[in-house]
Each structure stands twice: as C-alpha cells, then as structure tokens.
Amino acid sequence: QVEMVESGGGSVQTGGSLTLSCKAYARTSLRDFVGWFRQAPGKERERVAGIYSSRDQYYADSVKGRFTISQDNEKSTVYLKMNSLKPEDTAMYYCAAWYTTRWLTPSEIGSWGQGTQVTVSS
C-alpha cells in the first residue's frame, strides 16, 4: 500500500554524477527492504541496489564501487548516489519496497511507479 515516487533523473555526460530519490507516501514508514531497479529499451529490468534495515547494502556487479544506496527514515526517502556514470547506465530507474529479508528480483514485484529517466551520453 506504499506509493513510491522517484525523482532526480537527468542527462549527464560520461563520468558525471546524479543522485536519485525515492520517497514513500503512506501512513507507515519505509518497509524493511528497499531496492532500486532499472530498465533500458529492449532490455530486461534488472536489480541495481538494495538496502535492508537501513544498513545492509546490496549492489549489482555492474555498479559496485560507483553507486551508493542510503536511507533516511525520518524523511521516508531512499537515495541512490551514482558516480562515474557510463552510457550503459542509461535507463528508467524505479524503486520498490517490501516486507521480506531477501533482495527480490524484478519478476517478484507486482507494481511499479513512474520511474525517473537517467541518460548518459558518450
């Protein structure tokens, strides 16, 4: 029942940085597990980063060392700081939250928000 709203996307050149925000609108705070996903045209939606209990972090191999996920429970917001962006990072980015102790795959998530577009030029 939590509505997730993504923002912060934009267009940057290779090597640039962006910080995405995912704010939860509900009567309750963020759920135990929050994740960022992305999907490029013609490609499958994939996991990017996840955070559990506001501490444990998970990253796809393709973004390790470049992306950082963090959470601010007082603001009900999860952030994704992206550095050293590459053209292959170009995609629509989505966030989702759930009550489980494992990092879900995209196929296990039933609904998505509008997402925020990230475009990285070469």
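Being a predicted model, the structure only gives us computed values, none of them experimental.

Each value, and the rule that gives it
Position labels on residues start from 1 in each chain and follow its written sequence. Owing to the predicted nature of the model, reporting of local features is limited to residues with pLDDT of at least 70; listing and counting of side-chain atom pairs is limited to 80 or more, with chain, interface and lining totals taken over all residues. As a rule here, side-chain values come from all non-hydrogen atoms in the structure, and water together with hydrogens is ignored. Comment: elements are numbered from the N terminus, with helices defined as DSSP H or I runs of at least four residues and strands as E runs of at least two. In this treatment the radius of gyration is a C-alpha quantity, and the globule benchmark scales as 2.2 Å times the residue count to the 0.38 power. Only protein chains enter the area calculation, which uses a 1.4 Å probe; residues under 20% of their type maximum are buried, those over 50% are exposed, and those in between are partly exposed. Whether two residues are in contact is decided by their heavy atoms: any pair within 4.5 Å suffices. The charge count includes Lys and Arg as positive and Asp and Glu as negative, but it does not include His or the ends of the chains. Where a charge lies is defined by one atom per residue type, namely NZ (Lys), CZ (Arg), CG (Asp) and CD (Glu). In these notes, a set of buried Ala, Val, Leu, Ile, Met, Phe, Trp, Tyr and Cys residues joined through side-chain atoms within 4.5 Å is what counts as a nonpolar core. A side-chain nitrogen of Lys or Arg and a carboxyl oxygen of Asp or Glu constitute a salt bridge if their distance falls within 4 Å. We call a pair of cysteine sulfur atoms a disulfide whenever their separation is within 2.5 Å.

Asker: Give a detailed account of the overall build of the chain, specifying residues and quantitative values.
Answerer: Along its length, the chain carries 0 helices and 10 strands. Relative to the compact-globule value of 14 Å for 122 residues, the chain shows a C-alpha radius of gyration of 13 Å, a close match. Seen through its principal axes, the chain has C-alpha atoms that stretch 40 × 30 × 25 Å. The 122 residues of the chain split such that 43% are buried. Sequence separation of 24 or more characterises 61% of the internal contacts of the chain that already satisfy a separation of 6 or more. Across the chain, the centroid of the 14 positively charged side chains sits 2 Å from that of the 12 negatively charged ones.

Asker: Explain the nonpolar core residue by residue, including any values.
Answerer: Among the nonpolar cores identified, the biggest contains 27 residues, and W36, V48, F67, I69, L80, M82 and Y93 are the most heavily contacted of them. Among the secondary structure elements, those contributing two or more residues to this core are β3 (18-25), β4 (33-39), β5 (46-52), β7 (67-72), β8 (77-82), β9 (91-98) and β10 (116-121). When residues no more than four places from it in sequence are discounted, the contact partners of V48 are W36, F37, R38, Y58, Y59, A60, V63, F67, L80, Y93 and W103. F33, W98, L104 and I109 belong to the second-largest nonpolar core, a separate cluster that totals 8 residues.

Asker: Which residues make up the pattern of salt bridges, and what values do they have?
Answerer: The final tally for this structure, using the stated rule, is 5 salt bridges. A salt bridge links R38 to E46; its shortest N-O distance comes to 2.7 Å. The salt bridge involving D61 is made with K64; its shortest N-O contact spans 3.1 Å. Counted as one network, the salt bridges with shared partners bring together R38, E46, R66 and D89.

Asker: Tell me what's going on with the state of the cysteines, and back it up with residues and numbers.
Answerer: As enumerated under the stated definition, the model contains 1 disulfide in all. Covalent S-S linkage joins C22 and C95, the inter-sulfur distance amounting to 1.9 Å. With the S-S dihedral at roughly 75 degrees, the linkage between C22 and C95 falls on the right-handed side. On the criterion of sequence distance, the pair formed by C22 in strand β3 and C95 in strand β9 is long-range, its members being 73 residues apart. What makes C22 buried here is its relative accessible area of 0%. For C95, a relative accessible area of 2% gives the class buried.

Asker: Account for the environment of M82, with residues named and values stated.
Answerer: In this fold, M82 is placed in strand β8. Residue classification places M82 among the buried residues on the basis of a relative accessible area of 0%. Measuring from C-alpha to C-alpha, the distance between M82 and L18 comes to 5.3 Å, with 64 residues separating the pair along the chain. Aside from chain neighbours lying at most four places away, what touches M82 is G16, S17, L18, L20, R66, F67, Y93 and V118.

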